[in-house]
Structures are given as structure tokens and as C-alpha cells.
Amino acid sequence: MKTIYDDEYEALAQMIASSDKTAKELAVYLFPHMKLESAHARLRACLNPEKDERLTFGQIIAAMRFCGTFDPLMYACDETLHARPDRKSAEDQAARIADVIDGATATLNTALKALAQLQQSSGGGGPGLKAVA
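Residues numbered from 1 in each chain as written. Predicted model: local features only at pLDDT ≥ 70, side-chain atom pairs only at ≥ 80, totals over all residues. Heavy atoms only, no water.

Draft legend 1. Up close: the overall build of the protein chain. If you tally the helices and strands in the protein chain, you get 6 helices and 0 strands. Its helices and strands in sequence order give the protein chain the pattern α-α-α-α-α-α, from N to C terminus. A compact globule built from 133 residues should have a C-alpha radius of gyration of about 14 Å, whereas the protein chain, at 26 Å, is more than 25% larger. The dimensions of the protein chain, computed from C-alpha atoms along their principal axes, are 75 × 35 × 25 Å. Taking all 133 residues of the protein chain together, the buried fraction comes to 23%. Here the contacts in the protein chain between residues at least 6 apart in sequence split such that 48% fall between residues at least 24 apart. (Helix = DSSP H or I, 4+ residues; strand = E, 2+ residues; numbered from the N terminus. Rg over C-alpha atoms; globule rule 2.2 N^0.38 Å. Buried < 20%, exposed > 50% of the residue type's maximum accessible area, 1.4 Å probe, protein only. Contact = heavy atoms within 4.5 Å.)

Below you can see the structure in the form of C-alpha cells.
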């Protein structure tokens, strides 16, 4: 990964060059509704600063995921004076999601206990209170 990019076009070109994907493979991925040569021509136009066509923000994100390289993200960070991010591992993400689920489960259990206590104290459920299992 480069440390300094001249512009967004260089970052996009570097993303493709650093990946194990070809520009044609990326073109077919980004423009599946087009024939191979048409998709490739469109991608070349999007990567050419002299042309009017541009990739959308979503297409750039999709391209980074497809290529597995993130030069456009690093360029955006540099241009907006933000620190370049570290990549999260799948294990860290899974642990974070598990923690969120555990927290939600604990909250639900606490709420169910409070509801059960309320139902007990009101004689098994008054008007508008249904018993919970």
C-alpha cells in the first residue's frame, strides 16, 4: 500500500494493481448487467480523470471488498486529515457481536423478571397485565 497518492484516480488504480483481481474481473463484478467488453470500457472511463463517468461511493466500497485492497479508503483518510484505520479481524467482530447479544439477553431477562414480579404483586395480573411464562 502506498503512503501518498497523487489523487483519487491513483488510489483506485493502485487498489486494482495491488489485488489479485484484474480490471476486467472488477468490471464484470461492478457492472454485471453489461457484456465484458462494455463493462471494461465503462470501468476504464470511470478510472480516467479526462472522462465524465465516475464510480459511485457504493461501487468504490464494493470494489475495495472485491479486490481486498483499500487504497481509496486510505486516500480518503489522508485527504480529510484522519488517521488511517486498522483492519478489524473477523474474530474481534464476532466477539463484539456476541457481547451485544449477551447484553440484550441480560436486559430481556431483567425485564421479564420485573414483569413477573409486577404481575405477582398485583395478584396474578390485573387488568391489562397478562401472565408471562
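Draft legend 2. Up close: unusual backbone geometry. Notably, Leu81 is not glycine yet its phi reads approximately 60°, a positive angle. Position of Leu81 relative to the elements: it lies in the loop between α5 (71–79) and α6 (90–121).

Draft legend 3. Summary view of the nonpolar core. Residues Met15, Leu26, Leu30, Phe31, Leu43 and Leu55 are the most contacted members of the largest nonpolar core, which totals 19 residues. Elements represented by at least two residues in this core include exactly α1 (8–18), α2 (23–30), α3 (36–46), α4 (57–67) and α5. Counting residues per element, this core draws most heavily on α1, at 4 residues. Ignoring sequence-local partners within four residues, the contact set of Leu30 consists of Leu43, Leu55, Gln59, Ala62 and Ala63. (Core = buried A, V, L, I, M, F, W, Y, C linked by side-chain atoms within 4.5 Å.)

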